[in-house]
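Geometric and topological summary
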Amino acid sequence: MFAGALNKGIRGGIVFLTVFFILSAVASLFAPQGIEANNYPNLFYNFFAAKIHSKTLIVLLNYFFVGIGGLIISLIAVKQEVVEKQNYFPVFIYLAVSSAALNPTQLTPQSFTNVFVLYAIYRLLDTYRQENCLNQIFVAAFWLCVSSFITISSIISFPLFFIALLILRPFYWREWLVALLGFAAPIFLYECVAYLSDFNQWYFIKASQLFFNFLKLPSFSEYYLPLTALLFILFLISVTSNLVNGFGNTVKKQRTKSILLWYVLFSSLGFFSGGSNGSSIILTYALPLSFFIGDFLFALKQIKFANTILTLLVLCILIVFLAEYNLV
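Residues numbered from 1 in each chain as written. Predicted model: local features only at pLDDT ≥ 70, side-chain atom pairs only at ≥ 80, totals over all residues. Heavy atoms only, no water.

**Comments concerning the overall build of the protein**
Broken down by element type, the protein carries 14 helices and zero strands. The linear arrangement of helices and strands in the protein, starting from the amino end, is α-α-α-α-α-α-α-α-α-α-α-α-α-α. Overall size of the protein, expressed as C-alpha extent along the three principal axes, is 60 × 50 × 35 Å. Residues classed as buried in the protein amount to 55% of the 328 residues present. Carbon and sulfur atoms make up 70% of the accessible area of the protein, which amounts to about 15100 Å² in all. Charge-centre separation for the protein: the mean point of 18 positive side chains lies 8 Å from the mean point of 11 negative side chains. (Helix = DSSP H or I, 4+ residues; strand = E, 2+ residues; numbered from the N terminus. Buried < 20%, exposed > 50% of the residue type's maximum accessible area, 1.4 Å probe, protein only. Areas by Shrake-Rupley, 256 points an atom, 1.4 Å probe, with all protein chains shown as cover. Lys, Arg positive; Asp, Glu negative; His and termini not counted. Charge placed at Lys NZ, Arg CZ, Asp CG, Glu CD.)

This is the structure we're talking about:
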């Protein structure tokens, strides 16, 4: 059923992925409510989100960025050889988990942020064993910094950038200097515009202060608990499987999965960011979980077992959609 379509590459999975994605978008379009509100202490995002009131446009923008994220996931998985070329489980898991975490009545900032973070990771992985890669490093740092202007909690990924650089490449001071310039460029450009327009100057510093001042335990809707529990169990099983069988048959796969584990570690700090809730946490972890769980499902020899796990995942997502329709 599901697994048979997702382990045959793009030709086998494209129809299934497209149908699932469209059905999820239609379901969100007619959903009367979201089960969690996006309450971020984020001055920049809240200003622009307040300008968009059309529910249709909100749903289209949310799913547009989730779709772009799924496309980058496929590029990372296949072109960067993180998983096997026939493996499209990571794309499905990312699309499925992200669709469940979207708020049908509000712009979901983490879905926007994920696109910039994924693109930064993609460009950074592209530097592996490359000689002249200052441009890729600058671009990766630039877009990672841009992501923090959408959700300030992305600043917890800044140290991860340099850890990933150490994992992928030997230390070279010019590359680190270019990376710092990449992080500084969006802040400098924004402050120039803010100064000329006399609007919201020193945003990055103020937003960072708000992030650390609003640290608290997240709110969590009970409707996300089955999905969260299933993802947590599958993640533990997949990591254990990787530790037993190895992180991959190539050095690049091994290093990439090491970076993803570091991503999980740093993302744990996002649990305590102000305004954090079940949906934002699920969206944050959608990036590394899609690769680990997807690789685990692809490696299963029993397709029936993989189909059973995917069915449970779909049922957990269905609970979320039913809650948006007040049916549970």
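There is more to say after this.
**A word on the pattern of salt bridges**
Here the structure, examined in full by the defined rule, presents two salt bridges. E175 is paired through a salt bridge with R169; the nearest N and O atoms lie 2.9 Å apart. No difference in accessibility class separates E175 from R169, as the two residues are buried. Note that D295 and K257 form a salt bridge whose closest N and O atoms lie 2.3 Å from each other. Placement of the pair is D295 in helix α13 (residues 278–299) and K257 in helix α12 (residues 251–267), with a sequence separation of 38 residues. K257 matches D295 in its accessibility class, with the two residues each being buried. (Salt bridge = Lys/Arg side-chain N within 4 Å of Asp/Glu carboxyl O.)

**Examining the packing of aromatic side chains**
Evaluated as defined, the whole model comprises 20 aromatic pairs. Their ring planes at 5° and their centres at 6.4 Å tell us that F158 and F204 sit as a pair that is stacked. Note that F158 is positioned in helix α8 (residues 158–168) and F204 in helix α10 (residues 203–213), a separation of 46 residues in sequence. (Phe/Tyr/Trp six-rings, centres within 6.5 Å; stacked < 30°, edge-to-face > 60°.)

**Considerations on the environment of I52**
Residue placement: I52 occurs in the loop between α3 (43–49) and α4 (55–78). Along the sequence, I52 and L107 sit 55 residues apart, while their C-alpha atoms lie 8.4 Å from each other. Look past the residues within four positions of I52 in its chain and what remains in contact with it is L57, I58, L61 and L107. (Contact = heavy atoms within 4.5 Å.)

**Quick look at helix α9 (residues 173–197)**
Between its first and last C-alpha atoms α9 spans 36 Å; for 25 residues at 1.5 Å apiece the expected length is 36 Å, and the two agree. For α9, the set of buried residues is E175, V178, A179, G182, F183, A185, P186, Y190, E191 and A194. Phi for D198, located one or two positions after α9, is positive at around 55°. (Expected span 1.5 Å × (residues − 1).)

**Some points on the environment of R255**
With respect to the element layout, R255 can be found in helix α12. Along the sequence, R255 and A185 sit 70 residues apart, while their C-alpha atoms lie 28 Å from each other. Those residues in contact with R255 that lie beyond four places of it in its chain are Y128, I167 and L168. For R255, the side chain forms a polar contact with the main-chain oxygen of I167, separated by 3.2 Å. (Polar contact = N/O pair within 3.5 Å; in protein donor to acceptor, adjacent residues only side chain to side chain.)

**Some thoughts on the confidence of the model for the protein**
Confidence in the prediction of the protein, expressed as mean pLDDT, is 82, and 90% of residues score 70 or more. Of all helices and strands in the protein, the one with the weakest mean pLDDT is helix α1 (residues 2–6) (63), whereas helix α7 (residues 134–147) scores best (90). (pLDDT = per-residue confidence, 0-100.)

**Things to note about the nonpolar core**
Residues I76, F92, F161 and L297 are the most contacted members of the largest nonpolar core, which totals 106 residues. Counting residues per element, this core draws most heavily on α13, at twelve residues. (Core = buried A, V, L, I, M, F, W, Y, C linked by side-chain atoms within 4.5 Å.)

**A short note on α7**
An ideal rise of 1.5 Å per residue puts 20 Å on 14 residues; α7 measures up with 20 Å between its terminal C-alpha atoms. In terms of burial, α7 is a largely internal element, ten of the 14 residues being buried. Listed in full, the buried residues belonging to α7 are Q136, I137, V139, A140, A141, F142, L144, C145, V146 and S147.

**Quick look at the side chain of D295**
Classification of D295 as buried rests on a relative accessible area of 17%. One polar contact links D295 to K257, side chain to side chain, over a distance of 2.3 Å. When near neighbours in sequence (up to four residues on either side) are disregarded, D295 contacts V83, N87, N242 and K257.

**Considering the environment of P226**
Positionally, P226 belongs in helix α11 (residues 225–245). A residue is classified by how much of its surface remains accessible, and P226, at 32% relative accessible area, is partly exposed. The sequence separation of P226 and F214 amounts to twelve residues, and the corresponding C-alpha distance is 27 Å. Once residues lying within four places of it in the same chain are set aside, the contact partners of P226 are C316 and I319.

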